[in-house]
Amino acid sequence: MTRTIVITGGAGFVGGNLAIALKEREHGSQIIAFDSLKRRGSELQLARLKAAGVSFVHGDIRSASDLRELPSMGVLIDAAAEPSVLAGVNGSPKYVLDTNYGGAANSLELCRERNAAFMLLSTSRVLPHKRLNDLPWQEMPTRYVWQTSDDVAGYSTAGIDETFSLEGPRSFYGTSKLCAELLMQEYVAAGVPAIATRFGVIAGPWQMGKVDQGVVSLWVARHLFGHQLKYCGFGGTGKQVRDILHIDDVTDLIYRQLNNMDLWDGKVFHAGGGTTCSTSLVELTSLCEEICNTRLQVNSDPATHPVDVRILQLNSALVSQTFGWSPKMSMRDIVNDIATWMREYRTLLEPILNT
Ligand SMILES: NC(=O)c1ccc[n+]([C@@H]2O[C@H](COP(=O)([O-])OP(=O)(O)OC[C@H]3O[C@@H](n4cnc5c(N)ncnc54)[C@H](O)[C@@H]3O)[C@@H](O)[C@H]2O)c1
């Protein structure tokens, strides 16, 4: 099938990799990356996009008129975001709300006007932090692990599924994405084909990791380029755990979803590394030391930020069954691929990642 696919945030980490992967796999389709280049380092993607045959449109998702400059499309993938869970926490939340929710609203309206389908890249951070931190856990030598409990809907030691309660605060970032999911349901009722996937942490080459977002990339950059690292929160032990997906596993899932639109039905899915691909910070440090062949002094700060969570792992059974997908890449693959990319592009990346 040939079609036009617009990816907002198409010069970002996920959007840029996705645009290039779709251009390779969707033979004959036109892929358009739309981005304001707000994220430092996104400008580095432009040469890559051009070389791959992806068109680029500069614009701001907060502006409906910028979006209307786009040609007609079959699908719009919403990957433009302020993706930091700390965004707006110590200042105004306006940018994160206007971009993540307002931008999704503009995109959904464009899809309605243009008879296009809508795909939202949502996040595991829509899950309320207190509910996650109230789950039973125990401390192991290198990580915290969840313990069995039969009386919490949507929770098992295999991870959190789509039925977990959404009651309670979750951060401005998480709320902006949940609001976008809810608005999507209204547009589905109005006839716009749509799907949302809540991803766990995503990592891989071309992620411009910084202290508040992109932890795996940040960790590898610090090991390769030097600079300080700190274990923050939960006693400063570095044992908090996240599930991680390699960007190639993410693009593979999205490709499958794009080619099975009859299964969308406005549904919201969970997709994460789950229990098979996860890491604590302490474990990530060991892997980075081995792959980067360096050793850093990692400091610690025991104070836990109010929006932080001890463990977050998703149960992806539903999305796996529905789209015949399962992640293939391990934590070792992820760190190896990031380190290889950073070594190759060191001159360009060091000024951005080592700040
Ligand atoms: N990276 C992860 O771990 C992760 C996990 C779950 C979900 N997600 C979701 O995936 C999507 C992509 O995230 P990412 O990691 O690629 O982030 P990113 O910051 O690398 O990319 C986002 C892109 O959006 C652009 N952008 C920001 N504000 C904009 C605006 N107002 N108008 C137009 N463009 C704008 C930025 O310049 C950037 O290129 C986001 O929706 C995020 O919520 C990411």
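A brief report on the enclosed structure follows. Just so it is clear, the structure is predicted and the values come from calculations on it, not from any experiment.

This part covers the overall build of the chain. Summing up its helical and strand segments, the chain has twelve helices and 17 strands in all. Taking 2.2 N^0.38 as the reference for a compact globule, 355 residues should give roughly 20 Å; the C-alpha atoms of the chain span a radius of gyration of 19 Å, in line with that estimate. Along the three orthogonal principal directions, the C-alpha set of the chain runs to about 55 × 50 × 40 Å. For the chain, the residues scored as buried account for 55% of the 355 residues in total. Within the chain, contacts between residues separated by at least 24 positions form 82% of all contacts whose residues are at least 6 apart in sequence.

Bringing helix α11 (residues 331-344) into the picture now. Counted at 1.5 Å a residue, the expected span for α11 with its 14 residues is 20 Å, and the 20 Å between its end C-alpha atoms agrees. Restricting attention to buried positions, one finds in α11 the residues Met331, Ile334, Val335, Ile338, Ala339, Trp341 and Met342. One face of α11 carries all of its buried residues, which in axial projection span an arc of 165°. Summarising the contacts, the buried residues of α11 are in contact with β11 (201-203), α7 (215-225), β13 (241-246), β15 (278-280), α9 (281-292) and α12 (346-353).

Overall, the coordinates contain 17 salt bridges when judged by the stated rule. Across the salt bridge formed by lysine 210 and aspartate 212, the nearest N and O atoms sit 3.0 Å from each other. Overall, the relative accessible area of 30% leaves lysine 210 in the partly exposed class. Accessibility expressed as a relative area gives 29% for aspartate 212, which makes it partly exposed. It is possible to trace a salt-bridge network through shared partners that takes in Arg25, Asp252 and Arg256.

For the structure on display, the rule yields six aromatic pairs. Summarising the aromatic geometry, the rings of tryptophan 146 and tyrosine 155 are spaced 5.3 Å apart at their centres and angled 90° between planes, so their arrangement reads as edge-to-face. Side by side, tryptophan 146 and tyrosine 155 carry an identical accessibility label, which is buried. Between the aromatic rings of phenylalanine 269 and phenylalanine 323, the centroid separation amounts to 5.4 Å while the plane-to-plane angle is 75°, which identifies the pairing as edge-to-face. Placement of the pair is phenylalanine 269 in strand β14 (residues 268-271) and phenylalanine 323 in helix α10 (residues 317-323), with a sequence separation of 54 residues. With respect to burial, phenylalanine 269 and phenylalanine 323 carry one shared label: buried. Taken together, the ring pairs connect Trp206, Trp341 and Tyr345 into an aromatic cluster.

Another point: the site of the ligand. Taken together, the neighbourhood of the ligand is formed by 32 residues, with Asp35, Ser42, Tyr95, Tyr173 and Lys177 sitting nearest. Residue tyrosine 95 places a side-chain N or O atom 2.7 Å away from a nitrogen atom belonging to the ligand. The separation between a nitrogen atom of the ligand and a polar side-chain atom of glutamine 213 is 3.4 Å. Relative to its free-state accessible area of 820 Å², the ligand is covered by the protein chains to the extent of 97%. For the shell around the ligand, the elements supplying multiple residues, two or more each, are α1 (13-25), α4 (94-114), β5 (117-123), α6 (172-189) and β11. In terms of residue count, the dominant contributor to the shell around the ligand is β5 (three residues). Of the residues contributing to the shell around the ligand, the split by class is 15 nonpolar, eleven polar and six charged.

Rules used throughout
- Residues numbered from 1 in each chain as written.
- Predicted model: local features only at pLDDT ≥ 70, side-chain atom pairs only at ≥ 80, totals over all residues.
- Heavy atoms only, no water.
- Helix = DSSP H or I, 4+ residues; strand = E, 2+ residues; numbered from the N terminus.
- Rg over C-alpha atoms; globule rule 2.2 N^0.38 Å.
- Buried < 20%, exposed > 50% of the residue type's maximum accessible area, 1.4 Å probe, protein only.
- Contact = heavy atoms within 4.5 Å.
- Expected span 1.5 Å × (residues − 1).
- Arc of directions from axis to C-beta.
- Salt bridge = Lys/Arg side-chain N within 4 Å of Asp/Glu carboxyl O.
- Phe/Tyr/Trp six-rings, centres within 6.5 Å; stacked < 30°, edge-to-face > 60°.
- Near = heavy atom within 4 Å.
- Polar contact = N/O pair within 3.5 Å; in protein donor to acceptor, adjacent residues only side chain to side chain.
- Areas by Shrake-Rupley, 256 points an atom, 1.4 Å probe, with all protein chains shown as cover.
- Nonpolar A, V, L, I, M, F, W, Y, C, P; charged D, E, K, R; others polar.

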